[in-house]
Every structure is written in C-alpha cells, then in structure tokens.
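# Summary of the model geometry
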Amino acid sequence: VLLQAYGGGLAQAGCSLRLSCAASGRTFSSLVMGWFRQAPGKEREFVAAINWSGGTTYYANSVKGRFTISRDSAKNTMYLQMNSLKPEDTAVYYCANQLRLRREIYAPSEYDVWGQGTLVTVSS
C-alpha cells in the first residue's frame, strides 16, 4: 500500500483546511487509517483514526469537536476536515495505516505504512 497526503498549506487562525490521503496498491487490506502530526521539536502525535470497514472514528482530545476524519472507500481516500484552526495545530501532518490487527491505534509504532506528510501552518 502506498499513501500520499496532500492539502496542507497556510491558513489563518479560525479558518479551515481539508487534508486528503490517497491510498494505492493493496488498499483492501487496510484495517485502520489514521492522521498524525509532528510540530518542530516535538514527537509525532496522534490526531485521528478511522476503522476502514466500519467507519468508527477516534480523536485526540486536542482536536475533538474541530476536526473530522472520514473516508471514501470507493476512492480509497481518507480525509481530515480541520475547522477552527489554531496556531498550535501547525505541524507536518502524516497519514498512516494498519495492515494487520494491532494492539491499539494511538501510537505511531502501531502503524505499518506512512505517507510523506503535508505541512499545515496556522498563523495567528
């Protein structure tokens, strides 16, 4: 499976951006797909995840109520709608997936394939 994330850019605080993650290859083998982010000097952190078949969603507390994760199975694409952006949302955003059943969904180490990342910069 190959993942390609795109849609990042510069936004003002309070505005919105939508990220996309296109999957190619053996996409039917994806169990969970997720978004992570990494700010300069910080560790990569969990943002949101979605169960690919059932659609159950999970969010970090810091984005709950502002971000929405979704997927379009027909297009093999996952989205992250980011509303009410804050300067602290500035980071490189990565999409990733789990190809086999894992213990949990919140740790980067539990994901098998990663996209290249897309930069989101939120100005105050």
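Quantities reported herein were computed from a predicted structural model and do not represent experimental measurements.

### Points about the packing of aromatic side chains
Given two aromatic rings, their pairing is described by the distance between the two centres and the angle made by the two planes. Tallied over the full model, the rule gives six aromatic pairs. Relative to Phe46, the ring of Phe36 lies with its centre 5.7 Å away and its plane at 80°, an arrangement referred to as edge-to-face. Of the two residues, Phe36 sits in strand 4 (residues 32-38) while Phe46 sits in strand 5 (residues 45-51), which places them 10 residues apart along the sequence. With respect to burial, Phe36 and Phe46 carry one shared label: buried.

### Re the pattern of salt bridges
Evaluation of the coordinates by the stated rule reveals six salt bridges. A salt bridge links Arg66 to Asp89, with the shortest nitrogen-to-oxygen separation between them at 2.8 Å. One end of the pair, Arg66, is in the loop between strand 6 (57-59) and strand 7 (67-72); the other, Asp89, is in the loop between strand 8 (77-82) and strand 9 (91-98), and 23 residues separate them in sequence. Among the residues examined, Arg66 registers a relative accessible area of 11% and is labelled buried. You can call Asp89 buried: its relative accessible area is 0%. Across the pair Arg103 and Glu110 runs a salt bridge whose closest N-O atoms are separated by 3.0 Å. Judged by relative accessible area, which is 75%, Arg103 ranks as exposed.

### Quick look at the nonpolar core
Counting residues in each nonpolar core, the largest one holds 36 residues, and the members touching the most others are Trp35, Met78, Leu80, Met82 and Tyr93. Among the elements that make up this core, the one with the highest residue count is strand 5 (five residues). For Met78, the contacting residues outside a window of four places in its chain are Leu19, Ser20, Cys21, Met33, Gly34, Trp35, Ile50, Trp52, Ile69, Ser70, Arg71 and Cys95.

### Some remarks on the state of the cysteines
Taken as a whole, this structure holds one disulfide when the rule is applied. Paired by a disulfide, Cys21 and Cys95 hold their sulfur atoms 2.2 Å apart. With the S-S dihedral at roughly 70°, the linkage between Cys21 and Cys95 falls on the right-handed side. Remark: Cys95 occurs in strand 9 and Cys21 occurs in strand 3 (residues 17-24); sequence separation between them is 74 residues. The exposure class assigned to Cys95 is buried, which follows from its relative accessible area of 0%.

### A few points about the environment of Pro108
Along the polypeptide, Pro108 turns up in the loop between strand 9 and strand 10 (113-114). Through-space distance from the C-alpha of Pro108 to that of Thr121 is 22 Å; in sequence the pair is 13 residues apart. Once residues within four sequence positions are removed from consideration, Pro108 is found in contact with Phe36, Arg44 and Trp114.

### A word on the sheet that holds strand 8
With respect to topology, four strands assemble into an open sheet ordered 1-3-8-7, the strand pairing being antiparallel. Both edges of this open sheet fall to strand 1 (2-6) and strand 7, since each of them pairs with a single strand only. Each strand of the sheet is rotated relative to its neighbour by a mean of 15°, with strand direction disregarded. Relative to strand 8, strand 3 runs antiparallel, the two sharing six bridges. Directly across from Leu17, in strand 8, lies its bridge partner Met82.

Quick notes on the rules
- Residues numbered from 1 in each chain as written.
- Predicted model: local features only at pLDDT ≥ 70, side-chain atom pairs only at ≥ 80, totals over all residues.
- Heavy atoms only, no water.
- Phe/Tyr/Trp six-rings, centres within 6.5 Å; stacked < 30°, edge-to-face > 60°.
- Helix = DSSP H or I, 4+ residues; strand = E, 2+ residues; numbered from the N terminus.
- Buried < 20%, exposed > 50% of the residue type's maximum accessible area, 1.4 Å probe, protein only.
- Salt bridge = Lys/Arg side-chain N within 4 Å of Asp/Glu carboxyl O.
- Core = buried A, V, L, I, M, F, W, Y, C linked by side-chain atoms within 4.5 Å.
- Contact = heavy atoms within 4.5 Å.
- Disulfide = S-S within 2.5 Å.
- Pairing = 2+ DSSP bridges.
- Axes fitted to C-alpha atoms, helices over the stretch in contact; angles between N-to-C directions.

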